[in-house]
Amino acid sequence: MTPSPPRAPVLSVQSLGHRYDGPPVLADVSFDVAPGEVVAVIGPSGAGKTTLFRAVTALVRPESGRVEVAGRDLAGLRGAELGQARREIGLVFQHYNLVRRLSALDNVLVGRLAHLPTWRVLARRPGPEEQALARECLERVGLSDHAGARADTLSGGQQQRVAIARALAQRSRLVLADEPVASLDPASAASVLATLRTVATEGDIAVVCSLHQVELVAGFADRVLALRAGRLVLDVPVAGFGPEHRAAVYESDPSPSLPAAPCEARPGREEPERATATPERSRT
Amino acid sequence: MTDTAAELGAERDRPAGAPPPPPQRAEPPGRTPLAPRRLPRVGQATLALVLVAGFVLCVRLAEIDPRALAEGLPKMAGWAARAWPPSLEGLDLLLLRAAETVAIAVVGTTAAALAALVACVPAARNLTPARLVRLPARWLLNACRGIDSFVFALLFVAAVGLGPFAGTLGVALHTFGSMGKLFAETIEGTPAGPLEAAELTGASRLKVVRWALLPDVLPGLVSVGLYMLEFNIRASIVLGVVGAGGIGQQLKNAIDLLNFPRLLTIVVIIVAMVAAVDQLSARLRDRLA
């Protein structure tokens, strides 16, 4: 929060550009994220948030620009090397993505799989140190009492906190959270964001988190990025984020005769043929 | 969202620079996928006509003959009357043969399960995205599934001789096909998100399968196995007819000799056996749910 002597960024995005078919989904997006910094990414649906996240994890190979995680360019990596690089990124998803039948603790240990010897994974004997590490991660998200509970018996908010613990177990310096509270009720959403904020501060972990509820940004992030039609239109400290910015990001496109504005709403979608079946609004 | 996650998975498995995979949901562009295609009225009438004509043809080919049934029914009633009381003569042999039938099903199903566990990996889309591997695996499974245990048993009787071993081989080969396919479908039905999350931690595929996939699908696989066991108990009964062991041979002998009291005993044994296994299996499967 308080920028002490500048340290090398954990994540560096440089003039990132990408398109699927049609207009660019991302155009010339550049920003750095410092260690321990919590960054909220906002913007209307289809603004390119998801593509940005996918580019950072190399799920999408961007057309132009660079993405560096901990000083390493992901662009040319394949196979084992890519896996190695991905260890440095903890991920939190909108739908938690826990293994339903595993306990909370075993789900946290998923974050250790890359580090465990293969025989330990095959025998499902992670060993005492790894167990202790996983327990500690669960404790940090306030769920030590639920270590043995099956994931599908937990509430949505609890599941998302287990997912945060899983990301922590990777011991990476960077956590990406793509709409982590979009499926949660307001109380759980607040508790999940508070957890993310706490672990970031305690562990000096950088968090990049997309949100569509702008009102959640204030108590959570250090800095706000806004995407609109694939461009970075705002990059301000959270203190400088005011209603006028909000309006600039979300006001409707200057084509009033087309309220649905289909071509404006869609560039962020990965599968154009799906976009016709799923109304854009359902994700927001 | 699971769909989207599956898409993500497909995206990940594709090496960068490779051409995009053919669309899975082949919706022609320009048509909304939600609107069902409507045949014109004339087309509907033609379709109905073709269906009716086809069914009539099938009735002819099946040589449906109600008169023959009317003549045959009293004959069967007569047999039923002569079947009482059931004969207990040679009951120990019948019970041994019944046990043989169970043994054929148990050993055949177990062997098939082990082989299917291996074969379902290349056959499941989410584990093996490469069509060049997956499709041949599917073809092998479909071929085994398409040929009935009975037909395999006929071949094996010729190859290894009369007896339950031939029957076991027949059951195993056919069940391998069915089970491999069902296993693969069970695995494909598992949500993609958790697997993707595990894989994006940088863990190898083997580790992901062991830790994140197997615990999720294992109950489903066991359930399929029990279901196949139930099915195979029933399938093994008829194997005796071709000399491949079990109580079916006794059944055929009793009918050939018009020994209806013995036939009744055999039928009672079969019904009891099938009911017991179904009950047991249903209870175990309930517990897995």
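Here the structure is a predicted model, which means the values were calculated and not measured.

The next subject is the overall build of chain B. Assigned secondary structure in chain B consists of 11 helices and zero strands. Reading the helices (α) and strands (β) of chain B from amino to carboxyl end gives α-α-α-α-α-α-α-α-α-α-α. Buried positions account for 33% of the 289 residues belonging to chain B.

Attention now moves to the nonpolar core. One broad rule of soluble globular proteins: the nonpolar side chains tend to lie buried together. Counting 140 residues, the largest nonpolar core has Ala40, Val108, Ala165 and Val207 of chain A as the members making the most contacts within it. Setting aside anything within four residues of it in sequence, one finds Ala165 of chain A in contact with Val108, Cys137, Leu138, Arg140, Val141 and Leu143 of chain A.

Further remarks concern unusual backbone geometry. Leaving glycine aside, a negative phi is the common case for residues, and trans is the common case for peptide bonds. For the peptide bond that leads from Trp84 of chain B to Pro85 of chain B, omega is -5°, which places it in the cis range. Positioned with a positive phi, Ala229 of chain A is a non-glycine residue whose angle comes to about 50°. Relative to the helices and strands, Ala229 of chain A resides in the loop between strand E9 (223–228) and strand E10 (231–237).

Moving on, we get to the environment of Leu221 of chain B. Its location among the elements puts Leu221 of chain B in helix H9 (residues 205–239). If we skip the residues at most four places from it in the chain, Leu221 of chain B touches Phe183 and Thr186 of chain B.

Before going further, it helps to examine the confidence of the model for chain B. All names here are of chain B. When the pLDDT values of chain B are averaged, the result is 85; 87% of them are 70 or greater. Across chain B, the secondary-structure element scoring lowest on mean pLDDT is helix H1 (residues 2–13), at 40, and the one scoring highest is helix H7 (residues 164–188), at 94. This stretch, residues 1–30, has a pLDDT under 50; its non-local contacts, to residues over four places away or in other chains, come to 27 contacts.

With that settled, consider the confidence of the model for chain A. Residue and element names in this part refer to chain A. When the pLDDT values of chain A are averaged, the result is 84; 86% of them are 70 or greater. Per-element mean pLDDT across chain A ranges from 38 in helix H10 (residues 272–275) up to 95 in helix H3 (residues 104–109). Here residues 253–284 scores under 50 on pLDDT; set against residues more than four positions off or in separate chains, the count is 43 contacts.

Let us now look at the sheet that holds strand E6 (residues 89–92) of chain A. All names here are of chain A. With mixed pairing, six strands are arranged side by side in an open sheet as E6-E7-E8-E3-E9-E10. Unpaired on one side and paired on the other, E6 and E10 mark the two borders of the sheet. Going from strand to strand, the sheet's axes swing by 15° on average, the running direction of each strand aside. Running over the sheet, helix H8 (residues 243–250) touches strand E3 (38–42), E9 and E10 and is turned about 165° from E10.

The next subject is helix H5 (residues 131–146) of chain B. Residues and elements named next belong to chain B. Look at H5: 21 Å from first C-alpha to last across 16 residues, which is about the 22 Å you get at 1.5 Å a residue. Burial in H5 covers these residues: Arg138, Leu141 and Cys144. The arc that holds every buried residue of H5, seen down its axis, measures 130°, which confines them to one face. Opposite its buried face, H5 presents the exposed residues Arg131, Leu132, Pro136, Trp139, Ala143 and Gly146, each directed more than 90 degrees away. Residues of H5 that are buried make contact with helix H4 (91–123) and H7.

In this section: the domain arrangement of chain A. All names here are of chain A. For chain A, the assigned domains are domain 1 (11–88 + 173–283) and domain 2 (96–171). In terms of residue count, the dominant contributor to the side of domain 1 that touches domain 2 is helix H7 (residues 186–203) (seven residues). Across the side of domain 1 that touches domain 2, the residue classes break down as six nonpolar, six polar and one charged.

A word on the environment of Phe231 of chain B. Residue and element names in this part refer to chain B. By the secondary structure assignment, Phe231 is in helix H9. Residue classification places Phe231 among the partly exposed positions, given that 18 C-beta atoms sit within 10 Å. Put simply, Phe231 and Asp278 are 47 residues apart on the chain and 9.0 Å apart in space, counted from C-alpha to C-alpha.

Residue and element names in this part refer to chain A. A large share of strand E8 (residues 206–210) lies buried, amounting to five of its five residues. Burial of E8 is two-sided: the residues Ala206, Val208 and Ser210 facing one way and the residues Val207 and Cys209 facing the other way are all buried. Relative to E8, E3 runs parallel, the two sharing four bridges. When the sheet's bridge partners are listed, Val41 is paired in E8 with Ser210. Of the strand pairs in this sheet, strand E7 (residues 174–178) and E8 are connected by five bridges, and their pairing is parallel. Opposite Asp178, over in E8, you have Ser210 as the bridge partner. Considered for its hand, the β-α-β crossover made up of E7, H7 and E8 is right-handed.

Rules used in this analysis
- Residues numbered from 1 in each chain as written.
- Chains lettered and ligands numbered in written order.
- Predicted model: local features only at pLDDT ≥ 70, side-chain atom pairs only at ≥ 80, totals over all residues.
- Helix = DSSP H or I, 4+ residues; strand = E, 2+ residues; numbered from the N terminus.
- Buried ≥ 20, exposed ≤ 12 C-beta atoms within 10 Å, placed from the backbone.
- Core = buried A, V, L, I, M, F, W, Y, C linked by C-beta atoms within 7 Å.
- Contact = placed C-beta atoms within 7 Å.
- pLDDT = per-residue confidence, 0-100.
- Pairing = 2+ DSSP bridges.
- Axes fitted to C-alpha atoms, helices over the stretch in contact; angles between N-to-C directions.
- Expected span 1.5 Å × (residues − 1).
- Arc of directions from axis to C-beta.
- Domains from an automatic or database assignment.
- Nonpolar A, V, L, I, M, F, W, Y, C, P; charged D, E, K, R; others polar.
- Right-handed = clockwise from strand over helix to strand, strands pointing away.

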